[in-house]
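Coordinate analysis (summary)
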Amino acid sequence: MKFISRTRPNFCLPDYLAYCSVAAAVRHIRRAPHFAVGLVISQSADIDTYYRAAHAVLKPGDGRRNSDVRTLPIIFKDAQPQTSHSNAIEALENDKVIILFEREDSIPPDIRVALDLVVRIGIPTPEQARGVMRWVYRTEISGLQAKELLAHDWERLRHVVRPGRPISRVLSTLTNHNTTVASGLSESDGSELFLQNMAGYGEARDWGLELATDIHDLKAGLIEWNDVDKGLLLSGPPGTGKTIYADALARTCGVPVVHGSASQWQARGHLGDFLKAMRASFAEAKKLAPAILFIDELDSFGDRNDESNNQSYDTKAINGLLECLDGSQDRDGVVVVAACNFPDRIDGAILRSGRLDRHIRIELPNAEAREAILRIHLRGELALEDITEFALASVGATGADIARLIRDARRLARRKKRSMLQQDLRAVMPKSEVIPRENLYANAVHEIGHAIAGVALGLELRHVEISPVIRLTSDVQGLGGACFASRPWERRTRQHYLDMIAVYVAGSVAEDIFLGSHDDGWAIGKASDLQRATRLAIDMEFVLGLGEHLFAHSSDINRGMAEFRDVDQSTMLRADRILREQVARAHEIIERHREASVKLHGELLEHSGLSGERVLAVVEEAMK
Ligand code: ADP
């Protein structure tokens, strides 16, 4: 908050709250002379407030001073994709740019590659509200009062929270006007959820249920603290429910949870305050032990080897965290669950044995999980109706997207002064079209190609699916996928990388075999099969010391294809050879499993999704 005036014109509590979130999101690069950041605003209703906040972050001071640095925030409106796209391209000409998006999947691929960072802005935390009240309004409020404030509509907060007005009066005025839960800030926070009845968590659910048994046994004196898993790192796209996982886990284990995050701990800016706040969270969890300490945004701690601006701050912060994790002050009884979007950006030492040595990636929910998540958020509404149609139409959506869709449908019904009907859900679902059978068959061939290659190479397939519909509102979307269990203990040898490349290319190889050719889909976009395989092949040669030559450059496995310009021609040729060899290998694997492939194409077309067990059974049966 030190960069913004307490009396910035037209700024009220919501603007300062939004400012905190935006400032935290760009913390690492705000001093860089050039940057382009994408912010995904989870409550689109308040996007204008975030726009003002982004303006304040880009133009500190009183907001009127004109410096020679060209800066610009803009809003990318889903309703006007064309205009927004050209505005964004124009904005990217500036030195410092913040683009606000309503949804992550509305970021066009050409804009995404131009952004240095994409951050999802979550709901303001009670800690942020306390910080703003302290700094701007010079009023100390409790965590409970902060939560109560945050449950009110931002428009109302603007009028009611005023300098000099005691918090008790603020809260009673708000309550008397009966404005709670209008903004969706505290709606459906999952406060009744246990892991047993949640979906979309894959291995993390099994891990949590095991932990619940262990904690039960620990409390009963049957096992010792040393027998309990003490740390978990959850990674995955924003909105896949990592934060609510921590709460549901604690509820399932019957223990309290303490929440912390880098931005919350650094609310006051100084390193000393940061370390003090972090140690206080560990101490609080220890006092409540057995307890869970949830650390959000672990990737914003950075990496001590990263040569960015704040290296010295990051190094000290990470060292402080390592001390806390190692329990120099004894952390018996405290299970640490951390969440991040980019596990590759985490300092390796944090993930070492005895610290956060278990890593589980949460994938986008499949159709079955989406249906279960829809049911959770419907909270009993439409209980007797079939909602498969909506589970299919929401392909590519995160849990958070599903929660928002249901909120939108509920709002529609409220406006019409009746309870929710299927037609309300239909009205808010992303517009989609049924994929023609011929294309669907090609998708099935492609995904079964990945699945078969993975199974043949000993990977554990969780499920494989294809989407029968395509959304018309977004460029970036999955039309299916084969999902494999993560293998945290696997040694990442040359063979490991070759296998991964073979699995990546196997989709299009299968298209060649069964359809006679493949299309360009395997090479478009950073997340495409061929680009991923290419990055791995180049990394083997250029970065990981697993190629023909023994030199290693610093590793940044998040770089885009454009950055491969640094890579010399001979490395490129060696990488190309690796790719060709793995294409031939995938070819041979799929030919060997031709019979199983054909059977599985039919089953996948019929059911849209198959379990890993089913695929394995068909493969084994055909080999007999
Ligand atoms: P993350 O921490 O991964 O960014 P959150 O835990 O903050 O995601 O999820 C945001 C919201 O999305 C939750 O409050 C919840 O309403 C919804 N949500 C996400 N995943 C799930 C899930 N698996 N089941 C039910 N709701 C979910």
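Throughout what follows, the structure given in this document is the object of discussion. A quick note: this is a predicted structure, and the numbers were derived from the prediction, not measured.

Considering the packing of aromatic side chains
The final tally for this structure, using the stated rule, is five aromatic pairs. Residues Phe76 and Phe101 carry aromatic rings whose centres are separated by 5.3 Å and whose planes lie at 35 degrees to one another, so their mutual orientation is tilted. Residue Phe76 is located in strand 2 (residues 71–76), and its partner Phe101 is located in strand 3 (residues 96–101); the two are separated by 25 residues in the primary sequence. Here the two residues Phe76 and Phe101 agree in accessibility, since each one is buried. In this arrangement the basic side chain of Lys230 is found over the ring face of Trp225, its NZ or CZ atom lying 5.2 Å from the centre.

Observations concerning the site of the ligand
If you check the shell around the ligand, you find 17 residues, and the closest are Arg120, Gly239, Lys242, Thr243 and His377. Between an oxygen atom of the ligand and a main-chain N or O atom of Ile244, the distance comes to 3.0 Å. The protein chains hide 87% of the 560 Å² of surface that the ligand would expose on its own. Those elements that provide at least two residues to the shell around the ligand are helix 10 (242–253), helix 14 (367–378) and helix 16 (399–415). Among the residues making up the shell around the ligand, the classes are represented as eight nonpolar, seven polar and two charged. Residues lining the shell around the ligand come from more than one domain, with at least three contributed by each of domain 3 (195–361) and domain 4 (367–430).

Section: the nonpolar core
The biggest cluster of nonpolar side chains holds 49 residues, and the ones touching the most others in it are Val464, Ile501, Leu600 and Val615. Those elements that provide at least two residues to this core are helix 18 (437–456), strand 11 (461–466), helix 19 (494–515), helix 20 (529–542), helix 21 (569–592), helix 22 (594–607) and helix 23 (612–623). Each residue touching Ile501, except ones within four places of it in the same chain, is listed here: Ala533, Leu536, Ala537, Met540, Ile578, Leu579 and Gln582. Counting residues in hydrophobic clusters, the runner-up holds 47 residues, among them Ile29, Ile41, Ala56 and Leu149.

Observations concerning the packing of helix 9 (residues 203–219) against helix 10
Where helix 9 meets helix 10, the closest approach of the two axes is 9 Å, and the angle between their N-to-C directions is 35 degrees. The crossing of helix 9 and helix 10 is right-handed. When helix 9 is examined against helix 10, the residues Ala204, Arg205, Trp207, Gly208, Leu209, Leu211, Ala212, Ile215 and Lys219 are found in contact with a partner set consisting of Tyr245, Leu249, Thr252 and Cys253.

Points about the sheet that holds strand 11
Within the open sheet, the three strands sit side by side as 13-11-14. Their pairing is antiparallel. Two strands lie at the open edges of the sheet, namely strand 13 (480–484) and strand 14 (609–611), each paired on one side alone. If you compare each strand with its neighbour and ignore which way they point, the axes differ by 5 degrees on average. By the bridge criterion, five bridges tie strand 11 to strand 13 in an arrangement that is antiparallel. What sits directly across from Glu465, in strand 13, is Gly481.

Some thoughts on helix 14
Every α-helix winds through 3.6 residues per turn, so residues three or four apart in the chain are directed the same way. Between its terminal C-alpha atoms helix 14 stretches 16 Å, which fits the 16 Å expected from twelve residues at 1.5 Å a residue. Taken together, the buried positions of helix 14 are Ala367, Ala369, Arg370, Ile373, Leu374, Ile376, His377 and Leu378. Buried residues belonging to helix 14 abut helix 15 (388–393), helix 16, helix 17 (422–428) and strand 11. One or two positions beyond helix 14, positive phi appears at Arg379, with a value near 45 degrees.

Topic: the environment of Val503
Checked against the element boundaries, Val503 lands in helix 19. A sequence separation of 51 residues divides Val503 from Ile452, and the C-alpha atoms of the two residues are 8.5 Å apart. Those residues in contact with Val503 that sit more than four places away from it in its chain are His450, Ala453, Gly454, Leu457, Leu459 and Phe484.

Details of the sheet that holds strand 4 (residues 117–121)
Read from one edge of the open sheet, four strands run 2-3-1-4, paired in parallel fashion. A single partner strand is all that each edge strand has here, and the edge strands are strand 2 and strand 4. Mean inter-strand twist for the sheet, computed between neighbouring axes without regard to direction, equals 20 degrees. In this fold helix 2 (residues 47–58) packs onto strand 1 (35–41), strand 2, strand 3 and strand 4, with an angle of close to 165 degrees to the strand it touches most, strand 2.

Notes on the side chain of Ser84
Inspection of the secondary structure puts Ser84 in helix 3 (residues 81–91). The class of Ser84 is buried, set by a relative accessible area of 2%. Of the polar contacts made by the side chain of Ser84, one reaches the backbone nitrogen of Lys77; its length is 2.8 Å. Ignoring sequence-local partners within four residues, the contact set of Ser84 consists of Ile75, Phe76 and Lys77.

Here's the deal with the pattern of salt bridges
Opposite charge on two side chains lets them pair, provided their charged atoms get close. Within the structure shown, the criterion is met by 22 salt bridges. Residue Asp326 is joined to Arg355 by a salt bridge in which the shortest nitrogen-to-oxygen separation is 2.8 Å. In this pair, Asp326 is assigned in helix 13 (residues 311–326) and Arg355 in the loop between strand 8 (334–340) and strand 9 (359–361), connecting sequence segments 29 residues apart. For the salt bridge of Glu621 with Lys624, the shortest nitrogen-to-oxygen distance reads 3.5 Å. Residue classification places Glu621 among the exposed residues on the basis of a relative accessible area of 51%. Salt bridges linked by common partners bring Asp15, Arg52 and Arg158 together as one network.

Rules used in this analysis
- Residues numbered from 1 in each chain as written.
- Predicted model: local features only at pLDDT ≥ 70, side-chain atom pairs only at ≥ 80, totals over all residues.
- Heavy atoms only, no water.
- Phe/Tyr/Trp six-rings, centres within 6.5 Å; stacked < 30°, edge-to-face > 60°.
- Helix = DSSP H or I, 4+ residues; strand = E, 2+ residues; numbered from the N terminus.
- Buried < 20%, exposed > 50% of the residue type's maximum accessible area, 1.4 Å probe, protein only.
- Lys NZ or Arg CZ within 6 Å of the ring centre and 35° of its normal.
- Near = heavy atom within 4 Å.
- Polar contact = N/O pair within 3.5 Å; in protein donor to acceptor, adjacent residues only side chain to side chain.
- Areas by Shrake-Rupley, 256 points an atom, 1.4 Å probe, with all protein chains shown as cover.
- Nonpolar A, V, L, I, M, F, W, Y, C, P; charged D, E, K, R; others polar.
- Domains from an automatic or database assignment.
- Core = buried A, V, L, I, M, F, W, Y, C linked by side-chain atoms within 4.5 Å.
- Contact = heavy atoms within 4.5 Å.
- Axes fitted to C-alpha atoms, helices over the stretch in contact; angles between N-to-C directions.
- Left-handed = near helix turned anticlockwise from the far one by under 90°.
- Pairing = 2+ DSSP bridges.
- Expected span 1.5 Å × (residues − 1).
- Salt bridge = Lys/Arg side-chain N within 4 Å of Asp/Glu carboxyl O.

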